[in-house]
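A structural walkthrough
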Amino acid sequence: MKTLSFLAALAAASAFATAAFAAAPVKTVESAKGKVLAGENGKTLYTFKNDKAGESNCNDDCAKAWPPFMADGKAKAEGAYSIITRKDGMKQWAKDGMPLYFFVKDAKSGDVAGDGFKGLWNAARP
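In what follows, the accompanying structure is described. (Residues numbered from 1 in each chain as written. Predicted model: local features only at pLDDT ≥ 70, side-chain atom pairs only at ≥ 80, totals over all residues. Heavy atoms only, no water.)

**With respect to the state of the cysteines**
Using the criterion set out here, one finds one disulfide in the structure. Each sulfur of the disulfide joining C58 and C62 lies 2.0 Å from the other. Measuring the twist about the S-S bond at about -105°, one finds the C58-C62 disulfide to be left-handed. Its relative accessible area of 0% is what places C58 among the buried residues. What makes C62 partly exposed here is its relative accessible area of 22%. (Disulfide = S-S within 2.5 Å. Buried < 20%, exposed > 50% of the residue type's maximum accessible area, 1.4 Å probe, protein only.)

**As for the packing of aromatic side chains**
One pass over the structure, following the stated rule, counts nine aromatic pairs. When the ring of Y46 is compared with that of W66, the centres are 5.4 Å apart and the planes differ by 80°; the resulting orientation is edge-to-face. Of this pair, Y46 sits in strand β3 (residues 46-48) while W66 sits in the loop between α2 (61-65) and β4 (81-85), and the two are 20 residues apart along the sequence. Note on W66: relative accessible area 3%, which makes it buried. For the pair F69 and F102, a centre-to-centre distance of 5.3 Å together with 80° between the ring planes defines the contact as edge-to-face. Of this pair, F69 sits in the loop between α2 and β4 while F102 sits in the loop between β6 (98-99) and β7 (121-123), and the two are 33 residues apart along the sequence. Classification of F102 as buried rests on a relative accessible area of 15%. Taken together, Y46, F48, W66, Y101, F103, F117 and W121 form an aromatic cluster joined through their ring pairs. (Phe/Tyr/Trp six-rings, centres within 6.5 Å; stacked < 30°, edge-to-face > 60°. Helix = DSSP H or I, 4+ residues; strand = E, 2+ residues; numbered from the N terminus.)

**Quick notes on the environment of K91**
Residue placement: K91 occurs in strand β5 (residues 91-95). Taking the relative accessible area as the measure of exposure, K91 reaches 37% and is therefore partly exposed. The spatial distance from the C-alpha of K91 to the C-alpha of G73 is 8.0 Å, given a sequence separation of 18 residues. When residues no more than four places from it in sequence are discounted, the contact partners of K91 are M70, A71, I83, I84 and T85. (Contact = heavy atoms within 4.5 Å.)

**Some details on unusual backbone geometry**
Despite not being glycine, D96 shows a phi value in the positive range, around 50°. Overall, D96 belongs to the exposed group, its relative accessible area being 53%. Not every positive phi belongs to a glycine, and K118 is a case in point at roughly 50°.

**Examining the sheet that holds β6**
Strands sit in the order β4-β5-β6 across an open sheet of three strands; the sheet is antiparallel. Edge positions in the sheet fall to β4 and β6, since each of these pairs with one other strand and no more. Sheet analysis places β4 next to β5, joined by five bridges and oriented antiparallel. Its bridge partner lying in β5, I83 is registered against W93. (Pairing = 2+ DSSP bridges.)

See the structure below:
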């Protein structure tokens, strides 16, 4: 009986841990422009005005300067966060349907060098 209880508790804890790591790895950080969304690394996330809901239009050279916020195979959509499929078949996180990206010129947590870039990029907000 104790073994059965232990196994049930272990299974529940395992399911909880998997769910916790499968959700969007996003946090809110302070920047010079107020609160912005960031990846686990603390770097600001951005949206691209040339994207459509559920579709990334930042590929090839664009994706070198604006690396997509990739989702792994265990990722699960939750709340405002969804997962889109890029043209190369890879998975990318999106907020409110809009794909999320990093900017290569952001060096540390809270940097927002890409906000307003060419009038096409905006820091993602909580």
